[in-house]
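Here's the letter readout for the chains.
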Amino acid sequence: MENITEKRNEAEFEKAAKTGGGRKKKTVLIVWISVVLVICAASLLLLKNPELFDKEAGNIKVTGSNGFYDWFYEADFSLALEDHESYPEYLELDRYLYYKNGSETVGVIDKNRDSFGDEVLFFEKYFKTVIDGDHEAYNEMFTEAYLNTYGEKEAFTPQMVYGMQIEEVYENETDGVLTYGFDVDYKIFQNNGTFRDDIYSDASRTLYIEINDASGEFKIDVLKYYVYAADE
């Protein structure tokens, strides 16, 4: 009699254990399904209402563009870069212009400025217009043919440009007109997108800039981005 009772108790215990394990698995599954449903609902809400995702963190602004979210700092047209005390982090960055010639890279500074040709010194003026936020002077650095094709650059704020490097990759003279092609790299500290909206802050994307002196002074006739497989 005792054996029968013990066996029955054991059978009931095993049944209870199996039932309890099944309930735990079912509970975990329900929790996971609930989490997935919440994530999907939130994602759908943000896609249909991107303005809900717009926010400001300090002076960093998040804005939706073409289905992606790009980080740009808030534009400030009153920015005065000559006020050095306001931008100590920017002042610590390398703000010299460098000219790369083969394996040699040389900084363009007061001591050696006379050793460079006008085609190199042109880029000092170019970057000055960008740093100053002077879109009128910037547009004057382009040929009439370029402006007729692509239009003038709209107003942009002073840009905290650094890491500037140019490398001559092309040179030609035809009928007395000199043409130079340069690969141009630089970065923008706290980029606000008013001048370059194709790169993030502290990122770089190589430009190809071609200048000629057909007008009597060097002007930009070609400005384009290198296109890599990932961009296509």
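Residues numbered from 1 in each chain as written. Predicted model: local features only at pLDDT ≥ 70, side-chain atom pairs only at ≥ 80, totals over all residues. Heavy atoms only, no water.

A. Spotlight on helix H3 (residues 118–132). The terminal C-alpha atoms of H3, which comprises 15 residues, lie 21 Å apart, in line with the 21 Å expected from a rise of 1.5 Å per residue. Taken residue by residue, H3 has Glu119, Val120, Leu121, Phe122, Phe123, Tyr126, Phe127, Thr129 and Val130 as its buried positions. The positive-phi residue at the C-terminal boundary of H3 is Gly133, with phi of around 70°. (Helix = DSSP H or I, 4+ residues; strand = E, 2+ residues; numbered from the N terminus. Expected span 1.5 Å × (residues − 1). Buried < 20%, exposed > 50% of the residue type's maximum accessible area, 1.4 Å probe, protein only.)

B. Structural detail: a negative patch on the surface. Taken together, Asp134, Glu136, Glu140 and Glu152 make up a surface patch of like negative charges. Relative to the helices and strands, Glu136 resides in helix H4 (residues 135–139). (Patch = residues over 30% accessible without salt bridge, like charges linked within 9 Å, V, L, I, M, F, W, Y side chains within 5 Å. Areas by Shrake-Rupley, 256 points an atom, 1.4 Å probe, with all protein chains shown as cover. Salt bridge = Lys/Arg side-chain N within 4 Å of Asp/Glu carboxyl O. Lys, Arg positive; Asp, Glu negative; His and termini not counted. Charge placed at Lys NZ, Arg CZ, Asp CG, Glu CD.)

C. View of the confidence of the model for the protein. On average, residues of the protein score 79 in pLDDT, and 66% of them reach the 70 mark or higher. Taken as a whole, residues 1–9 scores under 50 in pLDDT and shows 0 contacts with residues more than four places along the chain or in a different chain. (pLDDT = per-residue confidence, 0-100. Contact = heavy atoms within 4.5 Å.)

D. Fine view of the pattern of salt bridges. Applying the stated criterion across every chain, the model contains 6 salt bridges. Note that Asp198 and Arg196 form a salt bridge whose closest N and O atoms lie 2.7 Å from each other. Under the relative-accessibility criterion, Asp198 is labelled partly exposed at 25%. In this structure, the salt-bridge partner of Arg205 is Asp198, at a minimum N-O distance of 3.3 Å. Residue classification places Arg205 among the partly exposed residues on the basis of a relative accessible area of 22%.

E. A nonpolar patch on the surface, seen in detail. Residues Val169, Tyr170 and Tyr226 make up a contiguous nonpolar surface patch of roughly 250 Å² in combined accessible area. Secondary-structure assignment places Val169 in strand S6 (residues 160–174). For Val169, a relative accessible area of 42% gives the class partly exposed.

F. Spatial organisation of unusual backbone geometry. Although it is not a glycine, Asp175 adopts a positive phi angle of roughly 55°. With phi around 50°, Gln190 is a residue other than glycine that occupies positive phi space. For Gln190, the position within the fold is in the loop between strand S7 (177–189) and strand S8 (207–212).

G. Quick look at the pairing of S6. Pairing geometry for strand S4 (residues 97–101) and S6, over 4 bridges, is parallel. Counted as the bridge partner of Tyr99 is Ile166 from S6. Note: S6 against S7, 12 bridges, orientation antiparallel. Its bridge partner lying in S7, Glu168 is registered against Phe182. Hairpin remark: S6 followed by S7, antiparallel, with 2 residues in the connecting loop; positive phi at Asp175, about 55°. (Pairing = 2+ DSSP bridges.)

H. View of the nonpolar core. In terms of nonpolar packing, the biggest core is built from 32 residues, with Phe123 and Tyr126 touching the most fellow members. If you list the elements that add at least two residues to this core, you get S4, H3, S6, S7, S8 and strand S9 (219–225). Residue contributions to this core peak at 7 residues, all from H3. Once you skip the residues sitting within four places of it in the chain, Phe123 turns out to touch Leu97, Ile166, Phe182, Val184, Ile209 and Ile211. Core analysis: the second largest hydrophobic core is formed by 6 residues, Leu79, Tyr87, Tyr90 and Met160 among them. (Core = buried A, V, L, I, M, F, W, Y, C linked by side-chain atoms within 4.5 Å.)

I. Examining the sheet that holds S6 more closely. Taken in spatial order, the 6 strands make up an open sheet running S5-S4-S6-S7-S8-S9, and their pairing is mixed. With partners counted over all chains shown, the strands left at the sheet margins are strand S5 (104–108) and S9, one partner each. For this sheet the average axis-to-axis angle between neighbouring strands, irrespective of direction, equals 25°. With respect to the sheet, H3 is in contact with S4, S5, S6, S7, S8 and S9, its orientation differing from that of S6 by roughly 145°. (Axes fitted to C-alpha atoms, helices over the stretch in contact; angles between N-to-C directions.)

J. Geometry of the environment of Asp198. By the secondary structure assignment, Asp198 is in the loop between S7 and S8. Each C-alpha atom of the pair Asp198 and Tyr225 lies 10.0 Å from the other, and the pair is 27 residues apart in sequence. Apart from the residues within four sequence positions on either side, Asp198 is in contact with Arg205 and Tyr225. Among the polar contacts made by the side chain of Asp198, one reaches the side chain of Arg196 at a distance of 2.7 Å. In terms of polar contacts, Asp198 uses its side chain to reach the side chain of Arg205, at 3.3 Å. (Polar contact = N/O pair within 3.5 Å; in protein donor to acceptor, adjacent residues only side chain to side chain.)

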